[in-house]
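# Coordinate analysis (summary)
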Number of protein chains: 2
Amino acid sequence: MATPTKPRGVFCAALTPVHDDLSPNHAAFTKHCQALLNDGLTGIALLGTTGEANSFSTAERQGLLEAALKAGIAPEKLLPGTGVTALTETVALTRHALSVGVTNVVMLPPFYYKNVTDEGLFASYAEVAERVGDSRLGIVLYHIPQFSTVPIPHDVIERLMTRYPGTFVGIKDSAGDIKNMLAMVERFPDFSVLAGADPLMLPLLQQGGAGAITATTNLVGADLAFVYKHFNDPSRKDQVEAAQARVVAGRNRASTYAQMASLKALVAERHGDQGWLNMRPPLVKLTEEERAALLAS
Amino acid sequence: MATPTKPRGVFCAALTPVHDDLSPNHAAFTKHCQALLNDGLTGIALLGTTGEANSFSTAERQGLLEAALKAGIAPEKLLPGTGVTALTETVALTRHALSVGVTNVVMLPPFYYKNVTDEGLFASYAEVAERVGDSRLGIVLYHIPQFSTVPIPHDVIERLMTRYPGTFVGIKDSAGDIKNMLAMVERFPDFSVLAGADPLMLPLLQQGGAGAITATTNLVGADLAFVYKHFNDPSRKDQVEAAQARVVAGRNRASTYAQMASLKALVAERHGDQGWLNMRPPLVKLTEEERAALLAS
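Figured I'd write up the structure that's included with this text. Keep in mind the model is a prediction, meaning the values are calculated, not measured. (Residues numbered from 1 in each chain as written. Chains lettered and ligands numbered in written order. Predicted model: local features only at pLDDT ≥ 70, side-chain atom pairs only at ≥ 80, totals over all residues.)

### Overview of the pairing of strand β6 (residues 192-195) of chain B
Residue and element names in this part refer to chain B. The cut-off we apply is this: Residues with at least 20 other C-beta atoms within 10 Å of their own are called buried, those with 12 or fewer are called exposed, and the rest are partly exposed. The C-beta atoms themselves are positioned from the backbone. Secondary structure is summarised from DSSP: a helix means a run of H or I of at least four residues, a strand means a run of E of at least two, and numbering begins at the N terminus for each. For two strands to be treated as a pair, DSSP must find at least two bridges joining them. With its strands directed away from the observer, a crossover is right-handed exactly when the path from the first strand over the helix to the second travels clockwise.
The alternating pattern of β6 places S192 and L194 and V193 and A195 on opposite faces, both of which are buried. As paired elements, strand β5 (residues 168-173) and β6 share four bridges and run parallel to each other. Paired with G170 across the two strands is S192, which belongs to β6. Each parallel crossover has a hand, and the one from β5 via helix α7 (residues 178-187) to β6 is right-handed. When β6 meets strand β7 (residues 211-214), the two strands line up parallel, connected through two bridges.

### Brief notes about the interface of chain B and chain A
Operational definition: Two residues qualify as a contact pair if the distance between their C-beta atoms, derived from the backbone, is within 7 Å. Residues are sorted three ways: Asp, Glu, Lys and Arg are charged, Ala, Val, Leu, Ile, Met, Phe, Trp, Tyr, Cys and Pro are nonpolar, and all the rest, Gly among them, are polar.
Chain B puts 33 residues into the contact, and the matching count from chain A is 33 residues. Going through the elements one at a time, α3 (87-99), α4 (118-132) and α5 (145-148) of chain B are the ones with two or more residues in the side of chain B that touches chain A. Considering each element in turn, the side of chain B that touches chain A owes the most residues, six residues, to α4 of chain B. Class assignment for the residues of the side of chain B that touches chain A results in 17 nonpolar, 10 polar and six charged.

### Regarding the sheet that holds strand β6 (residues 192-195) of chain A
Whenever strands of a sheet pair, they do so through backbone hydrogen bonds, lying parallel or antiparallel. Residues and elements named next belong to chain A. To keep things clear, this is the line we draw: Axis lines are fitted to C-alpha atoms, over the contacting stretch for helices. Their N-to-C directions set the angle, which ranges from 0 to 180 degrees.
Judged by pairing direction, the sheet is parallel, and its seven strands sit side by side in the order β2-β1-β7-β6-β5-β4-β3 without closing on themselves. Each end of this open sheet is capped by a strand with a single partner; those strands are β2 (43-44) and β3 (104-107). Where β3 meets strand β4 (residues 138-143), four bridges bridge the pair, whose relative direction is parallel. Counterpart to N104 in the pairing with β4 is G138. The strands touched by helix α8 (residues 198-205) within the sheet are β6 and β7 (211-214), with β7 carrying the most contacts at an inclination of about 170°. Lying on the sheet, helix α9 (residues 217-230) is in contact with β1 (9-12) and β7; it crosses β1 at an angle near 180°.

### Re the sheet that holds strand β1 (residues 9-12) of chain B
Taken in spatial order, the seven strands of this open sheet run β2-β1-β7-β6-β5-β4-β3 (chain B), and their pairing is parallel. Of all the strands in the sheet, just β2 (43-44) and β3 (104-107) of chain B have a single pairing partner and so form its edges.

### Details of the relation of the copies chain B and chain A
What counts, and what does not: Copies are brought into register by a least-squares superposition over C-alpha atoms of residues with pLDDT of at least 70 in both.
Mapping chain B onto chain A calls for a rotation angle of 180° and an axial translation of 0.0 Å; the resulting RMSD is 0.0 Å. The transformation relating the two chain copies, once decomposed into turn and shift, fits a two-fold axis. Identified as the residue of chain B closest to the rotation axis by C-alpha distance is Y112 of chain B, at 4.1 Å. Comparing interface residues between copies, 100% of those in chain B also sit at the interface in chain A, which points to an isologous, same-surface contact.

### Comments concerning the pairing of β1 of chain B
Residues and elements named next belong to chain B. Examined bridge by bridge, β1 and β7 share four bridges and lie parallel to one another. Across the sheet, C12 pairs through a bridge with T214, a residue of β7. Alignment of β1 against β2, held across two bridges, turns out to be parallel. Within β2, the residue paired with F11 across the bridge is G43.

### A word on unusual backbone geometry
All names here are of chain A. Geometrically, the link from P281 to P282 is a cis peptide bond, its omega value of 20° lying close to zero. Tracing the backbone shows P282 in the loop between α11 (259-271) and α12 (288-296). The phi angle at L47 is positive, at roughly 60°, despite the residue not being glycine. Note on placement: L47 falls in the loop between β2 and α2 (58-70).

### Considering the nonpolar core
What counts here: Buried Ala, Val, Leu, Ile, Met, Phe, Trp, Tyr and Cys residues whose C-beta atoms connect them within 7 Å together make up a nonpolar core.
Counting residues in hydrophobic clusters, the biggest one holds 195 residues, and the most contacted among them are I44, A45 and V140 of chain A together with I44, A45, V140 and M201 of chain B. With residues up to four places along the chain from it excluded, the contact list for M201 of chain B reads A195, G211, A212, L224, V227 and Y228 of chain B.

### Description of the environment of T30 of chain B
Residue and element names in this part refer to chain B. In this fold, T30 is placed in helix α1 (residues 26-38). A tally of 19 C-beta atoms within 10 Å means that T30 is categorised as partly exposed. Residues within four places of T30 in sequence aside, it is in contact with A67, A68 and A71.

This is the structure:
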């Protein structure tokens, strides 16, 4: 029986460029993905919060994943987001990923209803695991309560891991609290805990974490990849610290104004392509004043 | 040019029954819709929060709307929810409704991102109005920040009404604050303000509101329809008060335990069909103990 691999490393929560008509720009997207891999990143966590995934239809999401594969990116480098509010659409997106050879996915809990019970949250993920029913599937849970409004309690994780051994391979923890990450590292030895915030990857790695999935790596991937590769090498201590400092500075730079719009403005500079400024509502571009101040910073 | 009608009256935020495999039960749904119209309700606001709409795929939502029409329910009695997180899916659901003759829809704002700007919220609705581009379309905004996390400010409403005259016909205000409803009645004379909470319909009507879209009308529709019809008739004052008291009692009865599960348990009794107990995750049925206590109440 195939066993899913546990994701380890540094993954970019990739931005999604859109044309002026707001349709996904496949060419700009795959060019960006290739640049991210050239930065030394382990892989690409496409179609997450940073990627405006929930602003795209099921068909648009599938199209972006297929475009990345068609551009020659290996399926094992891709970690697409497949969790939406509708059980049947989460199943469809997950099955689609598997059908094109992508076996690890990042899965939001259904995020419309609030105060969801542990039972309801367990049932949501369990139904997906049952319905997809593919031993290759590796699910990375997505803990980002500031957007999803549905935190993922450790008891639910334990229940899922016990009921579906091997399927729940890790978690992206974007809540920003390292104590929560470390508690999971301790409680679940065979589980990849990935930091959702760049500065927290280093302390997490030092205590047994698996890496990170972050937005700032759209810009500073080479630095975070360096930290990942050498964090444990005393002879590189200074270089690691310098790289970590650049990561933190990059993150801070992108946090003065709206984060996703700022990242897009900076990636537009990176690729020399102003089309990158476009965003799908409800997110909006930076104003010209904000963008000028950001680029000058 | 066709002009959308402004919805006025009492609409039921209809529950959606599902089979044991959690697929939509069209037969039970249309039977329930017909019972609601027989209760004297103006129409059915299907596929809203109470209807677990966001737990269903685009195709499942379209199938439920088509089933209601196929069962003989007039399109002008139907107010489907069509607002989801993805711009292109909101457009697709809205176009589909129009394609089957249903011209008024209830539209959530995109609800994944938080702290959305007025500009981003305006753009979300404006893009839908532009892309659908059908003069028959009437959009009822859906203000339910406790679920959507995206409140709809009055300035955004004014901007939408000014930019797209006739298209934004009203709002379902489910936040439970009558002051907000009355402020809209005053500021927007040609706009249907519909209470999302049963007890607030009567005071809202008395000050110029248009009616209600509520969940408790799955059970007490005849009473709320009576209040709507006779609230202004001094000779029926006692009967109106008695009906209103039954509405409030019904609402309280369904609020002891999880509301949607409680309503389904009570509607299961109404129709003598225990299949109504099923819920799609992340929502879960009442426990047997809760259900017994609810039915005994």
